Amino acid sequence: MDKFNKYLYQVSSSVSQTVSQLSGVLPGNPVTREYESSAHIASAGPGLLWKIYKGTKRSTKQDASIFVFEKRQLEKFNKNDRELVLESLKHGVQQLTKIRHPQVLTVQHPLEESRDSIAFATEPVFASLANILGETTNMPQPANMSDYKFFDIEIKYGLLQISEGLQFLHNDVKLLHKNMTPESIVINASGVWKLFGLDFCVHNINPPNQATNFPFEDYSPTVPIVCQPSLNYLAPECVLRQSHSTASDMFSLGMLVYALHSPGKQCLSPVRDLQQFKLRAQQLKILSTAKLQAIPEELREFVKLLLNVTPEIRPDAHQFIKIPYFDDVGVKTLTYLDSLLQWDNLQKSQFYKGLPDALSQLPHRVKLQRVLACLVRDLGQPTMVPFILPSIFDIAKSCSKEEYTEHVLPHLKPLMKLIDPIQILLIMLQQMQLLLKLTPAEDVQQHVLPMLYRGLDSDSPQIHELCLSVLPTFAGLLDHANVKNSLLPRIKKLCLSTSTLSVRVNCLLCVGKLLEHLDKWLVVDEILPFLPQIPSREPAVLMGILGIYKIAMNHKKLGISKEILATRILPFLIPLCIENGLSLAQFGAITSLVKEMFQAVESEHRTKLQQLNSVKDEQKLLKSSMASVSIAKPVELDEAFSDLDLRNGSESATEPKLSMEQKRAMTRQQESVKLMGNQGAIEPQRITSPPRSQPKDLTASLLSDFAGSFQPNNNSMSPAFSQTTGGNINSSPYLGMASFNTSFNGNPAPLSPWGGTQNTLAKPQNHQDWSALDNLLPSKGNSTKSPMNQMKGSSHVPLMPQPSPASSSNNNQLSKSDLLDFLS
């Protein structure tokens, strides 16, 4: 079969070249009105003068073959012989057109002549027997079929067909072929061997009730070879006795058998002229079996009889058909296939039932070319399709994808649309694995899937189960739209409406196998809500539902969320745990899945709550930290964009002028900054309380009065002051006050005005004599004055009047208003 395909490829590769050639050959031939020609595929007839082209009928688009003889080939003959050659070719086609028989080539359009060619159309032809045996005259180049090998069954059945054709010509038509050569045998597209080349045929001239009498014409060396029978296959009596009969055709058949089996694919002792022909006739008289060793043993003896020089010894066509050589299972099978048109449907159905067993003994090429062509003739009867389909699928098993697509699939497509009888769909579903293996993806979408949908819509539970079992094998070919709109609605409807437990379980199993190929949201929206609606609590159904939930939960692409687990699935599964029909293993499976689902909900929700609580804690911490931070002063819009220099051109060109007061303030600020830069570092000192600042006018008056109380010399002072200071005065009172004022500026404490180093932070003594200052305190409605030295002083306010013990007992206390009057 590979060589056959190789030849077809070589032929198709030269299509463009052939079309251009053919357009010049048949420009005005009437055949081109009804037929469209394409590739040059073969040659046939005497001298292989006929070129065979592949064609198509324009009206019906049926395949055909167009035989063309180009008149320019006549140029190689003498001028006197050209008309003879042309008339011989026309005569052969005219005789062929009148005969109708399965073993004779069928003419679809009669011979038409134009200025450049003569042509006619026939049934589709593969090649002539001469082409297959190696003759390449008028063959397309570079095609060469010399490597094409026949199977034994092909040769055996081909010889049987030729013998049947000769029997028909001899007995029914009373016609002598007279040129049984490989050039006169054509093999059609179905592998059937058919008679052709009736150019030299002779009709019986006697009445029907008398013995046949065929007119004889001598073989002439002066006549072109193509206008006379071939000497290689011509019977001896045609030259030696100048007579011929139906036995002459049987001699030619014997030579043909020898050529088919010989290593050189040639007849016995080829001849070129009459002298060699006569010499071979003498040799045939003493023909030994040793020269026929190439022929099969069961046929050898009968071939020797066919090649006998005595015509009466040769078996006729009817006798030759009955020899044991043709008693073969393969031959009988092919014979029955050819005779199917004569049988009724009951006989056909009985034959088709046993055909698959017989096909195992036939070569693949024979089944594809010969058997399939016979089977497809009855596919137009739906009642016969269930009997034919098994044999067609048996042929498809040995086909390649290319062979299946070209030869088998076109016949199966119409059958996929048939529902009645239901056995058609049943057989298709049983062979679904083979269909998916060989059918292209586009045809699966357009033809195979709709067939499955029709199966789901049928009323047969057996069809339902088969459809559901094969649907998962389509998972890789299904798209989202088909699943959502066509497949899942049918499965859900079937699962909810069927009364057959096995169908319902198969629906769940089919869905479970499809899950991994589906979209997550399709599972959540279409499948999970459908499971609780199933009106059955059989353990098998529950296990199917359980399997779907388990796959959906554990599959990494699907994954059921905790919300669906908690709100939809667990409320449905938990009551199922107490079903009484469950076995212990089934109960354990359900409870185990429930626990697994609850653990998934618990862990997932716990993680979510932890995340939420951590977020809340972080928010609280953020709020508390923000409360301790003062809100920054809003930035003015002009200040925020000051660096971008977005002012108007006039403003940026001229800076605003400063007033005099602003300039003086800037000068004072610069001097302060310079002064602070020259000042030394300030040493921190501990103080109890900062002293209160005294009014300037009061201090001056106190100092003036205080200075008048002293004597001119430093050693004479009032007794009270001497007692207080210890009689040691080292400086003037002004110097002491200045030192007192500067001590609070951070400088070291100066010498005390009363002698020695005075610590400004030290507390004064509790009992000091302040009698010298008595005259400075005015009296207010009270003649009794407390001496100054009896007032309790404080280091914080050293000059504040304090009541004496005596006056405090008499409630003579200095009020705040008295002090204010004094200061004023």
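Our subject in this report is the structure included herewith. Here the structure is a predicted model, which means the values were calculated and not measured. (Residues numbered from 1 in each chain as written. Predicted model: local features only at pLDDT ≥ 70, side-chain atom pairs only at ≥ 80, totals over all residues. Heavy atoms only, no water.)

**Remarks on the overall build of the chain**
At step 1: Each helix and strand counted, the chain has 34 helices and 10 strands in total.
At step 2: Across the chain, the fraction of contacts at a sequence separation of at least 24, relative to all contacts at a separation of at least 6, is 65%. (Helix = DSSP H or I, 4+ residues; strand = E, 2+ residues; numbered from the N terminus. Contact = heavy atoms within 4.5 Å.)

**Let's talk about the state of the cysteines**
At step 1: Applying the stated rule across the entire model yields 0 disulfides.
At step 2: Lacking any disulfide linkage, C510 is separated from the closest cysteine sulfur, that of C507, by 7.4 Å.
At step 3: On the basis of relative accessibility, which here comes to 1%, the residue C510 falls in the buried class. (Disulfide = S-S within 2.5 Å. Buried < 20%, exposed > 50% of the residue type's maximum accessible area, 1.4 Å probe, protein only.)

**So, the environment of G165**
At step 1: With respect to the helices and strands, G165 occurs in helix 6 (residues 152–173).
At step 2: The spatial distance from the C-alpha of G165 to the C-alpha of P102 is 7.9 Å, given a sequence separation of 63 residues.
At step 3: Every residue in contact with G165, bar those within four places of it in the chain, is listed here: H101, Q103 and L195.

**Quick notes on the packing of aromatic side chains**
At step 1: For the structure shown, the criterion picks out 14 aromatic pairs.
At step 2: Plain terms: the ring middles of Y325 and F326 are 5.1 Å apart, the flat faces sit at 70° to each other, and that makes the pair edge-to-face.
At step 3: The exposure class assigned to Y325 is buried, which follows from its relative accessible area of 4%.
At step 4: A relative accessible area of 6% places F326 in the buried class.
At step 5: One aromatic cluster is present, formed by W50, F67, F69, F120 and F196 through successive ring pairs.
At step 6: It is K156 that lies over the ring of Y325; its NZ or CZ is 4.9 Å from the centre. (Phe/Tyr/Trp six-rings, centres within 6.5 Å; stacked < 30°, edge-to-face > 60°. Lys NZ or Arg CZ within 6 Å of the ring centre and 35° of its normal.)

**Description of the sheet that holds strand 4 (residues 107–113)**
At step 1: Read across the sheet, 5 strands follow the order 1-2-3-5-4 without closing on themselves; strand pairing throughout is antiparallel. Unpaired on one side and paired on the other, strand 1 (35–44) and strand 4 mark the two borders of the sheet. Taking the axes of each pair of neighbouring strands and ignoring which way they run, one obtains an average angle of 25° across the sheet.
At step 2: Bridge count for strand 2 (residues 50–57) against strand 3 (residues 63–70) is 6 bridges, and the pairing is antiparallel. Residue pairing for strand 3: G55 is matched across the bridge by A64.
At step 3: Most of the contacts of helix 4 (residues 79–98) go to strand 4, to which it runs at about 155°, and overall it touches strand 2, strand 3, strand 4 and strand 5 (117–122). (Pairing = 2+ DSSP bridges. Axes fitted to C-alpha atoms, helices over the stretch in contact; angles between N-to-C directions.)

**Some details on empty space enclosed by the protein**
At step 1: Tallied over the full model, the rule gives 4 cavities of 30 Å³ or more.
At step 2: Taken as a whole, the largest cavity holds about 160 Å³ of empty space.
At step 3: As for the largest cavity, its lining consists of 19 residues, of which E154, S190, G191, W193 and Q369 are closest to the centre.
At step 4: Elements supplying a minimum of two residues to the lining of the largest cavity: helix 6, strand 8 (185–188) and helix 14 (364–375).
At step 5: If you tally residues by element for the lining of the largest cavity, the top one is helix 6, at 5 residues.
At step 6: The residue makeup of the lining of the largest cavity, split by class, is 10 nonpolar, 6 polar and 3 charged. (1 Å grid on protein atoms, 1.4 Å probe; cavity = no way out; pocket = protein on both sides within 12 Å on 5 of 7 lines; lining within 4 Å. Points joined across faces, edges and corners; volume = space filled by probe spheres on them. Nonpolar A, V, L, I, M, F, W, Y, C, P; charged D, E, K, R; others polar.)

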